[in-house]
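# Understanding the architecture of this molecule
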Amino acid sequence: MPVKTTHLENGIVVLELKGRFVGGDETDLMKKTILELQEQKNSKLVIDLEKVLYLNSTALGVLVSAHTHYAKENGQVKLCGITKNIENIFVITKLTLVFSVYDSQLEAVASFTK
């Protein structure tokens with residue numbers, strides 16, 4: 001399963017992604033899952049990219065769209081577990097300036113209580 005959703009205390013949702021997100025069914029599933037969370041008025045989303053092998057521009061667009069929506073609704077999207085390969089994509093696209101990025105899922109979740 002390329003997308004796993006876990007609901008934690010305090011309204012925090014962790015979305016764990018796995019595999020290659022290159023604009024196919026896996027990217028559609030990620031987008032659908034995020035849209036469902038938005039409809040449920042979720043305001044605290046952690047996206048764990050530790051097991052992601054690749055993200056193309058379509059998948060990056062889904063992440064940016066999620067960030068924009070959450071920001072408009074006074075929510076937050078935080079990323080964690082970014083590998084070197086994925087980090088390079090975020091640096092090149094300057095998305096490291098847009099997202100709050102944490103080394104681990106635990107740190108990202110804990111940052112909501114600060």
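Scroll up to find the structure this text is about.
This section reports on the structure supplied with the text. (Residues numbered from 1 in each chain as written. Predicted model: local features only at pLDDT ≥ 70, side-chain atom pairs only at ≥ 80, totals over all residues. Heavy atoms only, no water.)

## Quick notes on the overall build of the chain
Along its length, the chain carries four helices and five strands. In summary, the chain has a C-alpha radius of gyration of 13 Å against a globular reference of 13 Å for 114 residues, a match within 12%. Scored against the burial criterion, the 114 residues of the chain give a buried share of 39%. Considering only contacts in the chain between residues 6 or more positions apart, those separated by 24 or more positions represent 71%. Across the chain, the mean location of the 13 positive side-chain charges is 3 Å away from that of the 13 negative side-chain charges. (Helix = DSSP H or I, 4+ residues; strand = E, 2+ residues; numbered from the N terminus. Rg over C-alpha atoms; globule rule 2.2 N^0.38 Å. Buried < 20%, exposed > 50% of the residue type's maximum accessible area, 1.4 Å probe, protein only. Contact = heavy atoms within 4.5 Å. Lys, Arg positive; Asp, Glu negative; His and termini not counted. Charge placed at Lys NZ, Arg CZ, Asp CG, Glu CD.)

## A closer look at helix α2 (residues 57–72)
Look at α2: 22 Å from first C-alpha to last across 16 residues, which is about the 22 Å you get at 1.5 Å a residue. If you check which residues of α2 are buried, you get A59, L60, V62, L63, A66 and Y70. The arc enclosing the buried residues of α2, seen along the axis, measures out at 155°, which places them on a common side. For α2, the exposed residues set more than 90 degrees away from the buried face come down to S57 and K72. Summarising the contacts, the buried residues of α2 are in contact with β2 (12–21), α1 (25–39), β3 (44–55), β4 (76–80) and α3 (84–92). The distance from a side-chain oxygen at the start of α2 to the backbone nitrogen of T58 is 3.0 Å, and the residue carrying that oxygen is N56. (Expected span 1.5 Å × (residues − 1). Arc of directions from axis to C-beta. Polar contact = N/O pair within 3.5 Å; in protein donor to acceptor, adjacent residues only side chain to side chain.)

## A look at the pattern of salt bridges
Counting across every chain of the model gives three salt bridges. Of the charged contacts in the structure, one is a salt bridge between K4 and E16, with a shortest N-O distance of 3.7 Å. Placement of the pair is K4 in strand β1 (residues 3–7) and E16 in strand β2, with a sequence separation of 12 residues. In this structure, the salt-bridge partner of E87 is K84, at a minimum N-O distance of 3.3 Å. (Salt bridge = Lys/Arg side-chain N within 4 Å of Asp/Glu carboxyl O.)

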